[in-house]
Amino acid sequence: MPDEFAHLHVHGEKSITDGAGKFREYADRAARLGMPALAGTDHGNANDGRTLWEECNRVGVKPIIGSEIYLTPGTDRRDRTRVRWADGGEADVSGGGAYTHLTVLAGGPDGLRDLFELQHLSYTEGFYSKPRVDRDLLRMYGQDLIILSGCVGGELGTRLRLGQLDEADETAAWFAETFRGRYWIEVMSHGNPWETDLNEQLIALAKRHGLGTVLTNDVHYLDTLSAPTHRAMLCVQTQSTLARPAMSFGDGNYSLRPAREMDSLGLPKESSRNTLVVAEQIGSYDEVFEEGLQFPVARLPDEFEFAEDYLHARANAGLIQRRQGFPTEQDRRQLQYELETICNIPGAADYLLVEADIIEAVKAEGILVGPGRGSAGGSLVVYALGITDLDPVAHGGIFERFMNPNRLGMPDIDIDVQDDKRDRVIEIIRELYGDNNVVQFGTYLTFGAKGALGAAARVHGKTFEQGQAYARQLPEPKAGRPVDLADYTGLRDEVYDTAEGLFGRIRGQGVHPAAVGIAPPGYRVERSIPLRRPGGVGPLVTGYVDHVMEEYLVKYDFLGLRNLTIVANTLKFLKQRGVALTLPLLPGECNDRKTYEQLSEGYSLGCFQLDGTQMRRLLRRLKPSEFGDILALLALFRPGPMGADADDYYADRKNTNGGVWSDDWAIHPELGEALRPALEETYGLIVFQEQVLQVLNIICGWSYAEAALLFDAMRKKNIEKMDATRPNYEAAGLRRGYSAESLTALWEVLVPFADYSFNKAHSAGYGLVAYWTAYLKANHPVEYMAATLTSVSDDQDRLPEYLAECARMGLRILPPSINGGFGFSPGDGGIHYGLGAIKGVGASVYAGIEETRGTRPFSSLRDFFSRVDQRALSLGTLKALVASGALDTLCPRREELYVQQTELAARAIRWRAESAFGQRSLLEPTFPVWPRGMYSTTTRREWEQQYLGVALTTQPIELGTTRRVTQEELEWLRNVLSRNPGDSPVWLLIGGRKMSLPSANWPAIEAAIESVGIFDVSAP
């Protein structure tokens, strides 16, 4: 006989770092215990409602979706006042006076939609510390909700604990009147001594008001064995330790307890039975979760009634524009074929038109958009609409890799934009389609192996270094796959045990870096999907993750790409110098010799997709000389191809006999000439997915659409489908005159290569960005490296690496200038350090400086201090500006300024006052001269290291002759010299003759070295 009890107050993982159980685990346990129903009531959200529905239905348990909401303490939801009902102690209003707790259950589909809308409004209107609702919202959206009075932190529990009986009666009366027959007094007993008195008061109050009581356990974890994990999670949340927790549930039992345990708690038996009465009040939620996919709706001109007609017209017009008025007949046929395929898919025309409108609006604001990514680069329609800038004809893309008429499905297009403008892109979409119709997809962050060990070490009171020692007992990730905690090789002590409990659990929530959903007009997203608004501001974010959201809304992907920001800022710097560049988009336009020479030497640090150490080695080996080599590099530089030595084969064949086709490259002698058109560009190797389709087209006579079906089976290792298709493959090949032996040889090559072959359209899109970055670095190094340094200015691990690259390139890094920008900027003779990269000078300080400076640079110290707002210039900020050299252009006596910071700050106040009244002192300030020993290059280097992360001031270097110079040593020497001020002498001892040269005169130094060819390298 099933247990006559149902848990109605259960916290899962979406009660972030508070709920330690998963609803799959809860549902399994409830089913084992014979419980007829199970509720989910996460803090302030119903984000796990769908999971609860799925898991309960899986095991035959009735799902009850709810939330333990945050209720304002009698105030309007928009009121941000903290409220005290007593003296503000622990028993007072929760959250420091911001909210109380209330358990809310959805009575059926209408109730679930109301619960979702309450969650939405709690963020958009009531957010204050937590997402809150007030009584007015409960009254408006409570017709199909069932209310339980809540835990000890609820309004009723708080009033009773404070001894405010009249107020408690008023609370009970309001809820009883508002939710007639649907309001229950919640009683709990976890083993805490104070619960006995509170329960007696709750039961008495229920009798006074004729209300039923319902027994709940405030479930936060699965069973008692999981309690230690929950204690650790609370310590993670509160940044405390298990020895001294900032928050604790004590020794109480907060697990999903069996009915017999609940019955033995000494509370009225009817409170247990009432859980079943409540469960009976709950209807089915199926209709909410079975709505189906919602398609966006494009905005159509008045002369068009259907999106498909407008798509045809717009694509044809776009093709004519792309082809400068002269599209070929083949272009027209391909476009019509693609349009027919697209328009056979419901909603696809609207999807593409919406995408095109967004891209057009984004580009209109001057935001740089990537040329294309993924298989969409193979579509002529997408190119004609302006969604991508990849010409599929020129780049060899194949439409069937994007959409297959034999297997219709919604298109999927990934768009790259400047990462510093992505927020603006989302704003543009909201402006186009409405704030409540645009949502970003949510994500959840989990404890990985390393994170779990680190968190476990912290809660056990270990130091950071000790935590790192635990993490070092994990192997390095392989092929991008995360490390499993089971691979840990260290001591399995209490830290490991705690980490084992944390591993894989949710530790936070985030926003998908790309995915956005756009709802059609009239579709109430907030009534179908749980939403949140982080911090109560900005775009709406879904409580469901992306793979769940794809059942509700068509996904658009807009990914912020740092390298596009670098390119955009480089173009901006060049424009300021009067240099206008147009980025190349066609393979034949990517032909700059200097760019390929730089790449062939491996000088690709800072170039998109090309700056890794192993990639630089491959560049030196392969020596790219044309755009196709860059595409191949991106495709080959992955574990699969490299494991098969495909990168070595490519490099050897390219650089042997000038890369001319060799019969030795043939997969089989019979197939050499037949497959040459498809494989010659990659020296007989199958590198791209499109080549697999071309090969099957040549050998079997299949269309690309037919070939794509087999290719997908190969790529996904669908053995059953491959086995079923192979006889057709062999029969088709035999009919076209190829032997069984050659067909077998080809099959054995296709299957493994299909697994790791790369999409050529994707490679072309990323190849263009890679070429842009390499071209700009080779031809406009000062502007490009300034933009690159800005992009990593807040990354203290990467910044030194790129500063060293500037030194290798002979680019001087100049001290920051108070008249410079937030980021690094090109200047006369080098790159100025960015003000924003100075430690202690943040964005707000810079904003104050920039606003004051405007278009009139600071001309002197007096001018600077009399104009800048004192609030933007604390003593700590002034110290950072002086020590880093940012004020050198106003006063080169950095040392004097440094020791007189306090006096200077006081003087600045007088200057501002005088400036405000139009006065000016007759005497300018003077600075005392330091003792001679205080003018120390070492001191400046220490200041710069502290505030910039790198020492810009350097000392002379002495070299002696002992052996032949190597290329690496010559590069080292050049790097070191380039960091020297131009007027510092460099001494070279060559052939017994001591030479002194200015460090800036590198050609003279290089000529002197080469004349003898030997020297001894010794660091200063």
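Above this text you will find the structure in question.
Residues numbered from 1 in each chain as written. Predicted model: local features only at pLDDT ≥ 70, side-chain atom pairs only at ≥ 80, totals over all residues. Heavy atoms only, no water.

A. Local environment of the overall build of the protein. Within the protein one finds 44 helices and 20 strands. A burial count over the protein gives 55% of its 1020 residues as buried. The long-range share in the protein, meaning contacts at least 24 apart out of those at least 6 apart in sequence, stands at 73%. (Helix = DSSP H or I, 4+ residues; strand = E, 2+ residues; numbered from the N terminus. Buried < 20%, exposed > 50% of the residue type's maximum accessible area, 1.4 Å probe, protein only. Contact = heavy atoms within 4.5 Å.)

B. Up close: the pattern of salt bridges. What the rule picks out here adds up to 54 salt bridges. Here Asp 357 ties to Arg 314 by a salt bridge, and the two come within 2.8 Å at their closest N and O atoms. Taken as a pair, Asp 357 in helix α15 (residues 348-364) and Arg 314 in helix α13 (residues 307-322) lie far apart in primary sequence, 43 residues in all. Taking the relative accessible area as the measure of exposure, Asp 357 reaches 9% and is therefore buried. Arg 314 gets classed as buried once you look at its relative accessible area, which sits at 14%. Taking the shortest distance from any N to any O, the salt bridge between Arg 424 and Glu 431 comes out at 2.9 Å. By relative accessible area, Arg 424 is classed as partly exposed at 22%. On the accessibility criterion, Glu 431 (56% relative accessible area) is exposed. (Salt bridge = Lys/Arg side-chain N within 4 Å of Asp/Glu carboxyl O.)

C. Looking closely at unusual backbone geometry. The phi dihedral of Thr 17 is positive, around 50 degrees, even though this residue is not glycine. Tracing the chain through its elements places Thr 17 in the segment before α1 (23-32). The backbone phi angle of Gln 324 is positive, close to 55 degrees, even though this residue is not glycine. Mapped onto the fold, Gln 324 is located in the loop between α13 and α14 (329-343). Since its relative accessible area comes to 69%, Gln 324 is described here as exposed.

D. The sheet that holds strand β15 (residues 825-827), seen in detail. With mixed pairing, three strands are arranged side by side in an open sheet as β14-β16-β15. Two strands bound the open sheet, and with one partner strand each, they are β14 (813-814) and β15. Both β14 and strand β16 (residues 830-832) contribute to a ladder of two bridges, which runs parallel. Within β16, the residue paired with Ile 813 across the bridge is Ile 831. (Pairing = 2+ DSSP bridges.)

E. The packing of aromatic side chains, seen in detail. Taken as a whole and assessed by the stated rule, the structure comprises 27 aromatic pairs. Each ring, one from Trp 665 and one from Tyr 683, has its centre 5.8 Å from the other, and the planes form 90 degrees; the classification is edge-to-face. Within this pair, whereas Trp 665 is found in the loop between α28 (646-654) and α29 (672-679), its partner Tyr 683 is found in the loop between α29 and α30 (689-700), the two being separated by 18 residues in sequence. The residues Trp 665 and Tyr 683 share a single accessibility class, namely buried. Joined through ring pairs, the aromatic side chains of Trp 174, Phe 175, Phe 179 and Tyr 183 make up one cluster. Note that Arg 299 overlies the ring of Tyr 433, its terminal NZ or CZ placed 5.6 Å from the centroid. When the ring centre of Tyr 383 is taken as reference, the NZ or CZ atom of Arg 322 above it lies at 4.1 Å. (Phe/Tyr/Trp six-rings, centres within 6.5 Å; stacked < 30°, edge-to-face > 60°. Lys NZ or Arg CZ within 6 Å of the ring centre and 35° of its normal.)

F. A look at the environment of Pro 513. If you trace the backbone, Pro 513 turns up in strand β10 (residues 506-518). The spatial distance from the C-alpha of Pro 513 to the C-alpha of Gly 560 is 7.4 Å, given a sequence separation of 47 residues. Not counting the four nearest positions on each side in its chain, Pro 513 is found in contact with Arg 422, Phe 558, Leu 559 and Gly 560.

G. Highlighting the packing of helix α35 (residues 781-791) against helix α36 (residues 799-808). Taken N-terminus to C-terminus, the directions of α35 and α36 make an angle of 170 degrees; their axes are 9 Å apart at the nearest point. The angle between α35 and α36 places the two elements in the roughly antiparallel class. As for the relative orientation of α35 and α36, their crossing is left-handed in sense. Residue-level inspection shows Met 785, Thr 788 and Leu 789 of α35 in contact with α36, the latter providing Leu 799, Tyr 802, Leu 803, Glu 805 and Cys 806. When grouped by side-chain class, the residues that make up the contact of α35 with α36 number six nonpolar, one polar and one charged. (Axes fitted to C-alpha atoms, helices over the stretch in contact; angles between N-to-C directions. Parallel < 35°, antiparallel > 145°, perpendicular 65-115°, else oblique. Left-handed = near helix turned anticlockwise from the far one by under 90°. Nonpolar A, V, L, I, M, F, W, Y, C, P; charged D, E, K, R; others polar.)

H. Geometry of the pairing of strand β6 (residues 183-187). Across the five residues of β6, five count as buried, placing the element largely inside the fold. The alternating pattern of β6 places Tyr 183, Ile 185 and Val 187 and Trp 184 and Glu 186 on opposite faces, both of which are buried. As paired elements, strand β5 (residues 145-148) and β6 share two bridges and run parallel to each other. Across the sheet, the residue bridging to Ile 147 is Tyr 183, located in β6. Summarising the sheet, β6 and strand β7 (residues 213-215) pair through three bridges and their orientation is parallel. Note on β7: the bridge partner recorded for Glu 186 is Val 214. In terms of handedness, the path from β6 via helix α8 (residues 195-208) over to β7 forms a crossover that is right-handed. (Right-handed = clockwise from strand over helix to strand, strands pointing away.)

I. A look at the pairing of β5. Side chains Leu 145 and Ile 147 project from β5 onto one buried face, and the interleaved Ile 146 and Leu 148 project onto a second face that is buried too. Looking at chain direction, strand β3 (residues 100-106) and β5 are connected through four bridges and run antiparallel. In the sheet register, Leu 105 faces β5, and the bridge partner there is Ile 146.

J. Spotlight on the nonpolar core. Counting 125 residues, the largest nonpolar core has Tyr 833, Phe 864, Leu 881 and Leu 887 as the members making the most contacts within it. Top contributing element to this core by residue count: helix α34 (residues 760-779), with nine residues. Ignoring any residue separated from it by four or fewer positions in sequence, one finds Leu 881 in contact with Ile 818, Leu 835, Ile 838, Val 841, Phe 864, Leu 873, Ala 886 and Leu 887. (Core = buried A, V, L, I, M, F, W, Y, C linked by side-chain atoms within 4.5 Å.)

K. A look at the sheet that holds strand β12 (residues 540-542). Strand order in this open sheet of six strands is β8-β13-β10-β9-β12-β11, and the pairing throughout is mixed. Because the sheet does not close on itself, it has two edges, and the strands there are β8 (414-418) and β11 (531-532).

L. Quick look at empty space enclosed by the protein. Under the criterion given, the structure shown has four cavities of 30 Å³ or more. Of the pockets and cavities examined, the largest cavity occupies roughly 70 Å³. Considering the residues around the largest cavity, the lining is formed by Gly 44, Asn 45, Ala 46, Ser 67, Ile 69, Tyr 70, Leu 115, Leu 118, Gln 119, Ser 122, Pro 131 and Val 133. Counting residues per element, the ones that place at least two in the lining of the largest cavity are β2 (62-71) and α4 (109-124). At four residues, the largest contribution of residues to the lining of the largest cavity is made by α4. (1 Å grid on protein atoms, 1.4 Å probe; cavity = no way out; pocket = protein on both sides within 12 Å on 5 of 7 lines; lining within 4 Å. Points joined across faces, edges and corners; volume = space filled by probe spheres on them.)

M. Spatial organisation of the side chain of Thr 216. Here Thr 216 shows up in the loop between β7 and α9 (227-238). Judged by its relative accessible area of 1%, Thr 216 is buried. A distance of 2.9 Å separates the side chain of Thr 216 from the side chain of Glu 186, its partner in a polar contact. Setting aside residues up to four positions removed in sequence, Thr 216 forms contacts with Leu 8, His 9, Leu 148, Glu 186, Val 187, Met 188 and Met 262. (Polar contact = N/O pair within 3.5 Å; in protein donor to acceptor, adjacent residues only side chain to side chain.)

N. Expanded view of helix α31 (residues 704-715). Here α31 contains twelve residues, and its C-alpha end-to-end distance of 16 Å stays within 8% of the 16 Å for a straight helix at 1.5 Å per residue. Along α31, the residues that are buried comprise Ala 705, Ala 707, Ala 708, Leu 710, Phe 711, Asp 712, Ala 713 and Met 714. Those residues of α31 hidden inside the fold are in contact with α30, α32 (719-735) and α33 (740-756). Of the residues one or two after α31, Lys 717 is the one with positive phi, at around 55 degrees. (Expected span 1.5 Å × (residues − 1).)

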